[in-house]
Every structure is written in structure tokens, then in C-alpha cells.
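# Results of the structural survey
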Amino acid sequence: LKQRNMYSDRALVFGGYLEADPQVWHGSPITYNKGTASKSDPQTYQSGKGLPITTANLYIAANLGRYVTAETTLAADPSDSYKVNAQDAFVMFGNLDDFPLYATVGKNLLAFGSFSGGGPWTGSLTQMLFRPGHVNNVSLAYYKDGLSSNLTLFQTDDHTSDFVYAAFYGNEIGKLAY
């Protein structure tokens, strides 16, 4: 929400993230059966190369006026033939330049905790165990001078209604963020 005022009140902003992992391999010959149990089709390979795309996201934000911003993240799933799905899709109501309260409605990650660490292929232990997923939710939040607080109502896969309350404080001194 802090970046919303970097653009005009009628802005449509696109961004993206693409990760590809170039691979080249060479080694001992490997024989494998590409056929079925009834009809054998032995194949041998020893070397290869590839450039698989591991992450492809398109970020879209639209300021629909001074107090309404819509955001969505379209993500291609490499484990499902790169099927595109809406990972996040939500609307924010508010403008931090005018008032510190705002609301969100839609599907996104719950604002609950800071889950850094891990590596490029896996998250940190706390992220894997405790970070909530992308869920449909409604939140009422406050942000001013580094203090962030929110109350979020959401529904889980078992169709029970739940809530989470979170409060954070963060600031910067020069290039040091805490």
C-alpha cells in the first residue's frame, strides 16, 4: 500500500519475475525403458542440456481512484504444464497518505509473521511450518511510522471461519532495516 502513491490515481502497473535454470550434463551412459512392460523400448542417453523455467509470475496493480487499488499475481505452475492461476487477487481500500487505516478483500497471503531465510528452492523451517497460505480473506489494518497492525478474517479448506491478529514494528536507519 505504501507504493500505491508512486503512481497516479488511474494507473495500471505491470511487473514480473522469471526464473530459469540452465542445465548441461554429461556422464556415463544410462539405459532406461521408454516403452511399456509388454513392449520394451530401451533408450540410452549420456548428455543433455536444458533451460527449464522454474518460476514465472506476472504482477498487475491498478489504482482505480485515490482510495481503491486492485492487485493480482498470475503464476505459472511448472509442475502442472505451466498452467496459469491467480495466486493473489485482492482489492485494497484506503490511502496511507490521507489516513493510517485501510482494508483488503480477496485472496492473498495472511499478514502473519516474518518468514525469511531458506534458499532458492525451499523456504526456512519456520516458513514451511507456520506461514499461512494464500487464502480468501477480509482484513482491517493500520500502518503509521513503522507500526503495522491487522485483524484478518479468513476461511480455511474445511470451511470453518477463522481470524488472525498481528502487530509488527519495522523501521530503517540508513540502509539498515529492522
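Residues numbered from 1 in each chain as written. Predicted model: local features only at pLDDT ≥ 70, side-chain atom pairs only at ≥ 80, totals over all residues. Heavy atoms only, no water.

A separate point is the pattern of salt bridges. On inspection of all chains with the given rule, the structure shows two salt bridges. For Asp-98, the salt bridge is made with Arg-66, and the minimal N-O distance between the two is 2.8 Å. Taken as a pair, Asp-98 in the loop between strand 6 (83–93) and strand 7 (101–109) and Arg-66 in the loop between strand 4 (53–63) and strand 5 (68–77) lie far apart in primary sequence, 32 residues in all. Judged by relative accessible area, Asp-98 falls into the partly exposed class, the value being 37%. (Salt bridge = Lys/Arg side-chain N within 4 Å of Asp/Glu carboxyl O. Helix = DSSP H or I, 4+ residues; strand = E, 2+ residues; numbered from the N terminus. Buried < 20%, exposed > 50% of the residue type's maximum accessible area, 1.4 Å probe, protein only.)

Turning to unusual backbone geometry, a few remarks are in order. Only a minority of non-glycine residues have a phi that is not negative, and only a minority of peptide bonds are not trans. For Tyr-82, which is not glycine, the phi torsion reads 60° and is therefore positive. Mapped onto the elements, Tyr-82 comes out in the loop between strand 5 and strand 6. For Tyr-82, a relative accessible area of 38% translates into the label partly exposed. For Asp-145, which is not glycine, the phi torsion reads 55° and is therefore positive. Topologically, Asp-145 is positioned in the loop between strand 8 (134–144) and strand 9 (147–155).

This part covers a nonpolar patch on the surface. Together, Phe-93, Val-105, Val-138, Leu-151, Leu-153, Phe-163 and Tyr-165 make up an exposed nonpolar region whose accessible area comes to about 700 Å². Tracing the backbone shows Leu-151 in strand 9. (Patch = residues over 30% accessible without salt bridge, like charges linked within 9 Å, V, L, I, M, F, W, Y side chains within 5 Å. Areas by Shrake-Rupley, 256 points an atom, 1.4 Å probe, with all protein chains shown as cover.)

Structurally, the position occupied by Leu-110 is in the loop between strand 7 and helix 1 (125–130). Setting aside residues up to four positions removed in sequence, Leu-110 forms contacts with Pro-132, Gly-133, Val-135, Asn-137, Thr-152 and Phe-154. (Contact = heavy atoms within 4.5 Å.)

Mapped onto the secondary structure, Ser-79 falls in the loop between strand 5 and strand 6. With a relative accessible area of 68%, Ser-79 lands in the exposed category. Sequence separation between Ser-79 and Thr-54 is 25 residues; the distance between their C-alpha atoms is 9.0 Å. Here the side chain of Ser-79 touches Asp-77 through a polar contact of 2.7 Å, side chain to side chain. (Polar contact = N/O pair within 3.5 Å; in protein donor to acceptor, adjacent residues only side chain to side chain.)

So, on to the sheet that holds strand 5. Strand order in the open sheet made by the eight strands is 1-4-5-6-7-8-9-10, with antiparallel pairing throughout. The outermost strands of the open sheet, each flanked by one partner alone, are strand 1 (12–20) and strand 10 (161–169). Pairwise comparison of adjacent strand axes, ignoring direction, gives a mean angle of 15° for this sheet. Across ten bridges, strand 5 lies against strand 6 in antiparallel orientation. Within strand 6, the residue paired with Leu-74 across the bridge is Ala-86. (Pairing = 2+ DSSP bridges. Axes fitted to C-alpha atoms, helices over the stretch in contact; angles between N-to-C directions.)

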